[in-house]
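Chain and residue survey
Now for the letters of each chain:
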Amino acid sequence: MTIDLHALSIKNLALDLQDDGVLVATLNRPAKRNALNAETVEEMVTLFSAVPRAGVRAVVLAAEGDHFCAGLDLVEHHREDRSPAEFMHLCLRWHEAFNKMEYGGVPIIAALKGAVVGGGLELASSAHIRVADASTYFALPEGQRGLFTGGGATIRVAGLVGKARMIDMMLTGRVYQGQEAVDVGLAQHLVAGSSFDRALDLARRAAQNLPLTNFAICSAISHLGNMSALDASYAEAVVAGVVNTQPAARERLDAFAKGTAARVRPTNQDI
């Protein structure tokens, strides 16, 4: 059964499913710098639960306005005056949303701009590819706010930049941008023009892959990283056994064997 994304009850993200199977999901709270309130997090759980069953072949995660995401909606958090238990359960919903992104098996490319801060960086780090533009800056200001990360930064951001860099960001408010952000692993692509245009191009390329292959790339690699080396070796062999013998791959393998497949060539991805 295929899910109709437009039938979902979602108002804080604008959805555009294109003919090639690429879904453009746009954070749509620009007046709040796309800060994540509880309602938006629930909508993300709903959306990314549905994406793998909605015929989506790749996702561009974009943002309305000048900023990708400024993190937790601190105004709502202050107003709600949550108890420790209430905030713990909110954090678990963040984890639910971000885990569905990382492990859902559909490529997600984040088009970054402006603030990618706090929970916004936790959101971005849940995508499989991150594209930054000249305006993009990354920070974890929780230390200065009297807070601590609750949406997976200790797992994903630390995995990208290393524990020492993450601690530095939180303790001192250090901000990364430009080529330095790419060099430390916060983004894989840096463009002088539109990060959305590059992200859409990458999503369209990924959408041309076989869905089962993309599923393995965008779920199995993360799962394997959580295992011991011995268990990961076994699981990798099992995944390869399934993916590398899929009937849909035979046409592509036949083209390679006949020398008609596209060749691997270096491309110019300069800024």
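Up top is the structure.
Attention here is on the structure that accompanies the text. (Residues numbered from 1 in each chain as written. Predicted model: local features only at pLDDT ≥ 70, side-chain atom pairs only at ≥ 80, totals over all residues. Heavy atoms only, no water.)

1. Overview of the overall build of the protein
On a plain count of helices and strands, the protein comes out with 12 helices and 9 strands. For 271 residues, the compact-globule estimate of 2.2 N^0.38 gives 18 Å, and the protein sits close to it at 19 Å. Dimensions of the protein, computed from C-alpha atoms along their principal axes, come out at roughly 65 × 40 × 40 Å. With 271 residues in all, the protein has 46% of them scored as buried. Contacts in the protein between residues at least 24 apart in sequence constitute 72% of all its contacts with a sequence separation of at least 6. For the protein, the exposed surface amounts to about 14,000 Å²; the carbon and sulfur share of it is 55%. Between the mean site of the 25 positive side-chain charges and the mean site of the 29 negative ones, the protein shows a separation of 4 Å. (Helix = DSSP H or I, 4+ residues; strand = E, 2+ residues; numbered from the N terminus. Rg over C-alpha atoms; globule rule 2.2 N^0.38 Å. Buried < 20%, exposed > 50% of the residue type's maximum accessible area, 1.4 Å probe, protein only. Contact = heavy atoms within 4.5 Å. Areas by Shrake-Rupley, 256 points an atom, 1.4 Å probe, with all protein chains shown as cover. Lys, Arg positive; Asp, Glu negative; His and termini not counted. Charge placed at Lys NZ, Arg CZ, Asp CG, Glu CD.)

2. What to know about the sheet that holds strand β3 (residues 58-63)
Spatially, β1-β2-β3-β4-β6-β9 is the arrangement adopted by the 6 strands of the open sheet, whose pairing is mixed. Strands at the two margins of the open sheet, each flanked by one partner only, are β1 (13-17) and β9 (189-191). Neighbour-to-neighbour, the strand axes of the sheet open up by a mean angle of 20°, direction not taken into account. On the sheet, helix α1 (residues 38-50) packs against β1, β2 (22-27), β3 and β4 (108-111) and is oriented at approximately 20° with respect to β1. (Pairing = 2+ DSSP bridges. Axes fitted to C-alpha atoms, helices over the stretch in contact; angles between N-to-C directions.)

3. Considerations on the sheet that holds strand β5 (residues 115-117)
One open sheet holds the 3 strands; their spatial order is β5-β7-β8, and the pairing between them is mixed. Lying at the two open borders of the sheet, with one neighbouring strand each, are β5 and β8 (176-177). As defined by bridge partners, strand β7 (residues 137-139) adjoins β8 across 2 bridges and the pair is classed as antiparallel. Paired with Phe 138 across the bridge in β8 is Tyr 176.

4. Brief notes about the nonpolar core
Core analysis: the biggest nonpolar cluster contains 54 residues, and Leu 36, Met 44, Leu 47, Val 59, Phe 68, Leu 123 and Phe 138 have the highest contact counts within it. Those residues in contact with Phe 138, other than ones at most four positions away along the chain, are Leu 112, Val 116, Leu 121, Ala 132, Met 169, Arg 174, Val 175, Tyr 176, Ala 181, Leu 186 and Ala 187. (Core = buried A, V, L, I, M, F, W, Y, C linked by side-chain atoms within 4.5 Å.)

5. So, the packing of aromatic side chains
Across all of its chains, the model carries 1 aromatic pair by this definition. Centroid distance Trp 94 to Phe 98: 5.8 Å. Interplanar angle 75°. Geometry classified as edge-to-face. Separated by 4 residues within a single helix, Trp 94 and Phe 98 lie in helix α3 (residues 84-103), roughly one turn from each other. Of the two residues examined, Trp 94 and Phe 98, each falls in the buried class. (Phe/Tyr/Trp six-rings, centres within 6.5 Å; stacked < 30°, edge-to-face > 60°.)

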